[in-house]
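A structural walkthrough
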Amino acid sequence: MRGKAGQSADRAIDRQILELFRERGSVISGGELSRVLKVSRTAVWKHITGLRAQGYRIESLHASGYRLVESPDVLTSAAVTAGLAAGRLGRQVICLADTGSTNLEAYRLAEQGAPEGTLVLADTQNQGKGRLGRSWHSPPGVNLYCSLILRPSIPPVAAFQLTFLSAVAVARAIESEARLRPFIKWPNDILVNGKKAAGLLNEMSAEVDRVNFIVLGIGVNLNMRADQFPDDLRHPATSLFLETGETVNRLSFVRTLIETLDELYDRYLRDGYDPVRKEWLERSGMVGLRVAVDGTTERLEGVVMGIDDSGALLVDQAGGTVARVLAGDVRIL
Ligand code: BTN
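Residues numbered from 1 in each chain as written. Predicted model: local features only at pLDDT ≥ 70, side-chain atom pairs only at ≥ 80, totals over all residues. Heavy atoms only, no water.

A word on the pairing of strand β10 (residues 290-294)
- Both β10 and strand β11 (residues 299-307) contribute to a ladder of five bridges, which runs antiparallel. Bridged to Ala292 within β11 is Glu301. (Pairing = 2+ DSSP bridges. Helix = DSSP H or I, 4+ residues; strand = E, 2+ residues; numbered from the N terminus.)

A few points about the sheet that holds strand β13 (residues 322-325)
- Read from one edge to the other, the open sheet built from five strands follows the order β13-β12-β11-β10-β14, with strand pairing classed as antiparallel. Edge positions in the sheet fall to β13 and β14 (329-332), since each of these pairs with one other strand and no more. Between one strand and the next, the sheet's axes are offset by a mean angle of 45°, whatever the strand orientation.
- Across four bridges, the pairing between strand β12 (residues 313-316) and β13 is antiparallel. (Axes fitted to C-alpha atoms, helices over the stretch in contact; angles between N-to-C directions.)

A word on the sheet that holds strand β5 (residues 144-150)
- Spatial strand order, β3-β4-β5-β9-β8-β7-β6: seven strands in an open sheet with mixed pairing. Edge positions in the sheet fall to β3 (93-99) and β6 (183-185), since each of these pairs with one other strand and no more. Adjacent strand axes in the sheet meet at a mean angle of 20°, parallel and antiparallel pairs treated alike.
- Here β3 runs beside strand β4 (residues 119-125); their pairing, made up of six bridges, is parallel. Bridging from a neighbouring strand, Thr99 pairs with Gln125 of β4.
- Across the sheet, helix α6 (residues 160-178) lies against β5, β6, β7 (189-192), β8 (195-206) and β9 (211-220), angled at about 145° from β8, the strand it touches most. (Contact = heavy atoms within 4.5 Å.)

Regarding the packing of helix α2 (residues 30-37) against helix α3 (residues 41-53)
- In the contact formed by α2 and α3, the axes pass within 9 Å of each other and the chain directions differ by 100°. Our classification of the angle between α2 and α3 gives roughly perpendicular. Counting all contacts with α2, which are made through Gly30, Gly31, Leu33 and Ser34, the residues of α3 involved are Arg41, Val44 and Ile48.
- For the contact of α2 with α3, the class distribution of residues is three nonpolar, three polar and one charged. (Parallel < 35°, antiparallel > 145°, perpendicular 65-115°, else oblique. Nonpolar A, V, L, I, M, F, W, Y, C, P; charged D, E, K, R; others polar.)

Have a look at this one:
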């Protein structure tokens, strides 16, 4: 049996092989793999056999080498990180088959000192958490459930900016992977054709004047079928599959999402919140719409004017009073 160190060396070689397949996009000879990876040809063959057992379809072409024909839609750390075009984020990816909540797991790891950019992914969650104390239905094999650890040097009052950043990233990823035009509904729902396709739950550990870490929790309904939705949903919900009739590859989606988050986070650290706010507003299209807000204590109606510097939704009520909404459910009327 391989020890922990042996297993992680095996995973590193698997990752390198997948990276080489991605880089070349064509046939690679066993000899070249053995040279680049600095392992014997027998070891190369063993790794190819191992990858096949994980569901990768790799052809052996007589006398010329190996060719990757198809990747399985399973979320493994090697598959998620191989050749990822990201700098800060996704360097450490933890893939769990089953967990209570990826947010809880990421929070626990962050408290233990996990570095910025660590991503926790799960195939299924049995206690998925939603906003306002609700639960997030998380059946296996179909959707994306992930939580990313960030450690920005910002005060706690600015943490909402990263919620907006993650909403923009999810919207962009949906657009590029499913060719749909999503709409961001304040504070952090992603709607497709008026129905909720993704939700964000961001949690923070902070002191009075600085953030220790933020966990960005992201759930995207990728391939869920109609009969997999719970009956008691408060708002209409959908999946990308239900909207397009096409299955979304989870692996490809999560890789695009990490790369997009990485690009946006880099820009945020360099240029600040303004570009995020601008894109959030463009993608939200809420300005000028009439909404009803069910807040924690009151209900109000009015026309959306924008968001202020602390992320509150500004709603112009009849009579000229502008309400600052900090939490609640918004319905577009
Ligand atoms: C919402 O209510 O809209 C927020 C849903 C957030 C769900 C995601 S799934 C991954 C992460 N882990 C959780 O327990 N929740 C978030």
